[in-house]
Amino acid sequence: MLFRRLPTATPIFTILIFCFACKSKVESPIAPKATPTPIVDVLVASSQTISNEVVANGTVVANEYVELHPEASGRLIYLNVPEGKYITEGTIIARVNDADLKAQVEKSKVQLDLAQKTEDRYKQLLAVNGVNQSDYDATLNTVNGYKADIDYNQALLEKTVLRAPFSGVMGLRQVSLGAYVSPTTLIATLQQLEKIKIDFTLPEQYNSILKKGALVDVELDATKQTRNKAEIIAIEPQVNQSSRNLLVRAVLQNAKANPGGFVKVHINAGVDKKAIMVPTNSLIPDDKNNQIILIKNGKAEFVNVNTGLRKANNVEVTSGVKVGDTIVVTGVLFARPKLPLQVRSSKTLEEFAALNGNVNAE
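The structure presented is a predicted model; accordingly, all values stated were derived computationally and were not measured.

Asker: So what exactly am I meant to see when it comes to the nonpolar core here?
Answerer: One broad rule of soluble globular proteins: the nonpolar side chains tend to lie buried together. Ranked by size, the top nonpolar core spans 22 residues in total, and within it Ile 198, Phe 200 and Val 216 carry the most contacts. Those elements that provide at least two residues to this core are strand S3 (53-68), strand S10 (188-203), strand S11 (215-221), strand S12 (226-235), strand S13 (245-252) and strand S14 (262-268). What Val 216 contacts, discounting residues up to four positions off in sequence, is Asn 228, Lys 229, Ala 230, Ile 232, Ala 250, Val 265, His 266 and Ile 267. Core analysis: the next-biggest nonpolar cluster, separate from the first, contains 17 residues, Leu 79, Val 81, Leu 162 and Leu 190 among them.

Now the structure itself:
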């Protein structure tokens, strides 16, 4: 049998071709896709007039308010609580059973009458030395004691009658006729609504703008967004140590409100000034500074800014931005320093505020 001998160089050549193919495959990576340019909306910084207005939460307070409690314990024999109606000062509201006190007064009067007659006789006898001075003094002391008893029982009788301490509107009745009451029992409430007060608190840093006699705006109904004037009549001199706030009281003018209601108080904390306002969502908060993205030469530039007055959707920029700068408002999260940006539209501050309002409504 004859065998054909293959050349020895063939296996080596095959291996070299395989290695060259693998190396070529490794050294030819796929080219990365180009990152798309972020699309943003911008605002051209402009100066506008703003007022430094502070908004505080307030509570409506009646001019006079009292909880009506009886001074004496006993059974109610008379009750006059016209719920929700106006009553005048001195009106009898309730009366507690006073039969025992009246009987005690009558008893003391009878004893006083007898003691006075005895005192008159001793006085005549003393004039002719018929009795000694000590006997007359004891009789006179008895007379004065009965008089004191009558005054004491009369005072107790007055406590059985509950009268309106001032004119006002009666609240809801809390007891019924015939109930046993004590000084801790609430009969009803009485409020004077002719003049309404507003109590609100402000941080102590605004102490300089709070002046007695100054006017503030009170928003009674948030749905109507109407404001009424109120005059500051007093400021609590003691600062609350837990909140560091000042308590302020104002009198509402030409308006009615329910005591205990919630209101918004608007205080002008400074004169009108020119300032650059930007939408709040254009700010990038940092652990040290706030930043804003400006577009310069078509690229993003991150700048540190200082802020001032804040409003519902906008904030004042006090440094870092100049009038005419182009500020990125939307697409802030996709911008990178020194990389190009594509401007989709330029809107005004009012248009951005309306856009945010529609987003919140949805």
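Text resumes after the structure shown.
Asker: What am I meant to see in the sheet that holds strand S6 (residues 92-96) here?
Answerer: Pairing between sheet strands relies on hydrogen bonds along the backbone, with the strands arranged either parallel or antiparallel. Strand order across the open sheet formed by 4 strands is S7-S6-S4-S9, with antiparallel pairing between neighbours. The strands lining the two open edges of the sheet, one partner per strand, are strand S7 (161-163) and strand S9 (180-181). Bridge analysis of strand S4 (residues 74-79) against S9 gives 2 bridges, and the strand direction is antiparallel. Bridge pairing in S9 places Gly 74 opposite Val 181.

Asker: Would you mind showing me how to read the side chain of Lys 197 here?
Answerer: Relative to the helices and strands, Lys 197 resides in strand S10. Although Lys 197 is buried, it forms no salt bridge, and the closest oppositely charged side chain is Glu 64 at an N-O distance of 5.3 Å. Within the structure, the side chain of Lys 197 is placed 3.3 Å from the backbone oxygen of Asn 63, a separation counted as a polar contact. When near neighbours in sequence (up to four residues on either side) are disregarded, Lys 197 contacts Thr 59, Val 60, Val 61, Ala 62, Asn 63, Arg 249, Ala 250 and Val 251.

Quick notes on the rules
Residues numbered from 1 in each chain as written. Predicted model: local features only at pLDDT ≥ 70, side-chain atom pairs only at ≥ 80, totals over all residues. Heavy atoms only, no water. Core = buried A, V, L, I, M, F, W, Y, C linked by side-chain atoms within 4.5 Å. Buried < 20%, exposed > 50% of the residue type's maximum accessible area, 1.4 Å probe, protein only. Helix = DSSP H or I, 4+ residues; strand = E, 2+ residues; numbered from the N terminus. Contact = heavy atoms within 4.5 Å. Pairing = 2+ DSSP bridges. Lys, Arg positive; Asp, Glu negative; His and termini not counted. Salt bridge = Lys/Arg side-chain N within 4 Å of Asp/Glu carboxyl O. Polar contact = N/O pair within 3.5 Å; in protein donor to acceptor, adjacent residues only side chain to side chain.

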